[in-house]
Amino acid sequence: MRRPVFSFFIELSSFIVVFCVTFSSSLIAQAEIVSPEEALSFLKEMARKSTDRDYWGIWSNQDYFSGRKDFYEVVHLRYIGLAWRNLNEENLVAVKKGHYRYVVDMASGEVRGIYPLYNLPFLPPPPDDLELLLENYLLDLQDREGRVISRYTGKIVRSFSVDEKGLLASQAFYTLEGELKEQGEFVYRDYSPDYTQLVKYAEAMKKPSDVNVPTISVDGKKLFQPSLLPPGFNLKQVYLVKNQGRDWYQMVYSDGLEHFSLWQSVYPWTPSGEKKTRKISCRKEDDIVTLMGEKGGFYLALMGNFDLEMITQIFNSITWKGGN
């Protein structure tokens, strides 16, 4: 999702409030914006209902940028967890645990990878993000349909609908310019599934319990942090993780709706006297852009669904003590 460039944000920070009100007035005037209290109550109830029932369903998802259309088998067992599988990937199933998705090989039972969760198209925003979300976004509700509007740009960034039971039925994502980039819906959902057919998913949901991703306090830690953040973003949580035999800090930033992560090696990769910065490399997978490089001998990787210009500015602003 594209966001305003930092140069504009810095030079005109004092103008942002006036700009947002003027720019968004025509859109907001046409919308039925509910109060923050009503919005919080509605979103909490939608999130609760989405985890209060067992179901098996098929989610159809269209990516308008790539032209790709996927179908996901989605299984929710309220006392065990959530799992989903792209029907094009026969033996791999993803499992949600906290802010991570664990990729499990159903044939071997092994956890093949652990990745940041970010947004799932078939789930509403999680309850622990809602208060921050409503600091940065407005909610327009009409019947069983809703639109999430940025307080900074006045643009719709997400829309959704719920079914007759109050569960998320469809969801769409937009760029900063208001262009539709991704849309999906449940084409079928069974609230009384045949549990004998879901045993393999239940077993996969139990696998993340074998892998611990500890949460840590940042107090006393030597962390690199961005001094420039997109409007509304704050450091949400820091994790200590292990990857390829090395220890890493993972810092998760959020505005309540979107997330990005900064990974930092716990220990330097170069000798203490060698402080050179290596060339930055870039990788793109689906809508996730990753920039990798070294600062002060520490290896860094910044991951998020921003455009390359935005994520480069965030990366270049990273300092030893960080900023906001």
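A. Here's a closer look at the pairing of strand 18 (residues 288-295). Here strand 18 lies mainly inside the structure; eight of its eight residues are buried. By the alternation rule, side chains of strand 18 split into Ile288, Thr290, Met292 and Glu294 and Val289, Leu291, Gly293 and Lys295, which are all buried. Relative to strand 19 (residues 298-304), strand 18 runs antiparallel, the two being bridged by seven bridges. Residue pairing in the sheet places glycine 293 in a bridge with leucine 300 of strand 19. Linking two consecutive strands that pair antiparallel, namely strand 18 and strand 19, is a turn of two residues; a positive phi of about 60° is found at glycine 296 within it.

B. Quick look at the pattern of salt bridges. In total, this model carries twelve salt bridges according to the counting rule given. In this structure, the salt-bridge partner of lysine 49 is glutamate 45, at a minimum N-O distance of 3.9 Å. Highlighted residues: lysine 49 and glutamate 45, both in helix 3 (residues 36-50), separated by four residues, approximately one helical turn. Glutamate 45 sits in the partly exposed class, given a relative accessible area of 32%. Across the salt bridge formed by arginine 48 and aspartate 52, the nearest N and O atoms sit 3.1 Å from each other. The partly exposed category is assigned to arginine 48, whose relative accessible area is 37%. Classification of aspartate 52 by relative accessible area gives partly exposed; the value is 38%. One salt-bridge network, held together by shared partners, links Glu45, Arg48, Lys49 and Asp52.

C. Seen up close, the nonpolar core. Counting residues in hydrophobic clusters, the biggest one holds 22 residues, and the most contacted among them are Met251, Tyr253, Phe260, Leu262, Leu302 and Phe306. Those elements that place two or more of their residues in this core are strand 15 (246-254), strand 16 (259-265), strand 18, strand 19 and helix 6 (308-316). Top contributing element to this core by residue count: helix 6, with four residues. In this structure, phenylalanine 260 is in contact with Tyr118, Leu229, Pro230, Phe233, Met251, Val252, Tyr253, Leu302, Met303, Gly304, Phe306 and Ile314, ignoring residues within four places of it in sequence. The next biggest cluster of nonpolar side chains, apart from the first, holds 17 residues, and it includes Leu40, Leu139, Leu141 and Leu168.

D. Representation of helix 5 (residues 199-206) within the structure. Every buried residue belonging to helix 5 is among Tyr201, Ala202, Ala204 and Met205, and all of these are buried. Buried residues of helix 5, seen end-on, are gathered within an arc of 160° and therefore sit on one face of the element. Where helix 5 is buried, its residues meet strand 2 (69-77), strand 3 (81-86), strand 4 (92-97) and strand 5 (100-105).

E. Up close: helix 3. Helix length check: helix 3 (15 residues) gives 21 Å between terminal C-alpha atoms against 21 Å at 1.5 Å per residue, within 8%. Where helix 3 is concerned, the buried positions are Ala39, Leu40, Leu43, Met46, Ala47 and Ser50. An end-on view of helix 3 places all buried positions within 135° of arc, on one side of the element. Those residues of helix 3 that are buried lie in contact with strand 1 (55-63), strand 2, helix 4 (130-136), strand 7 (137-142), strand 9 (156-162) and strand 10 (168-174).

F. Geometry of the packing of aromatic side chains. Applying the stated criterion across every chain, the model contains twelve aromatic pairs. Arranged with centres 5.6 Å apart and planes meeting at 65°, the rings of tryptophan 84 and phenylalanine 122 form a pair that is edge-to-face. Of the two residues, tryptophan 84 is situated in strand 3 and phenylalanine 122 in the loop between strand 6 (111-116) and helix 4; the sequence distance between them amounts to 38 residues. For tryptophan 84, a relative accessible area of 7% translates into the label buried. Among the residues examined, phenylalanine 122 registers a relative accessible area of 3% and is labelled buried. Put simply, the rings of Tyr55, Trp59, Tyr72, Trp84, Phe122 and Phe186 touch in pairs and so form one group of aromatic residues. We note arginine 53 situated over the ring of tyrosine 191; from NZ or CZ to the ring centre the distance is 4.8 Å. Residue placement shows arginine 189 over the ring face of tyrosine 55; its charged tip is 5.2 Å from the ring centre.

Parameters and conventions
- Residues numbered from 1 in each chain as written.
- Predicted model: local features only at pLDDT ≥ 70, side-chain atom pairs only at ≥ 80, totals over all residues.
- Heavy atoms only, no water.
- Buried < 20%, exposed > 50% of the residue type's maximum accessible area, 1.4 Å probe, protein only.
- Helix = DSSP H or I, 4+ residues; strand = E, 2+ residues; numbered from the N terminus.
- Pairing = 2+ DSSP bridges.
- Salt bridge = Lys/Arg side-chain N within 4 Å of Asp/Glu carboxyl O.
- Core = buried A, V, L, I, M, F, W, Y, C linked by side-chain atoms within 4.5 Å.
- Contact = heavy atoms within 4.5 Å.
- Arc of directions from axis to C-beta.
- Expected span 1.5 Å × (residues − 1).
- Phe/Tyr/Trp six-rings, centres within 6.5 Å; stacked < 30°, edge-to-face > 60°.
- Lys NZ or Arg CZ within 6 Å of the ring centre and 35° of its normal.

Read these as layout, nothing more, since geometry by itself doesn't imply function.
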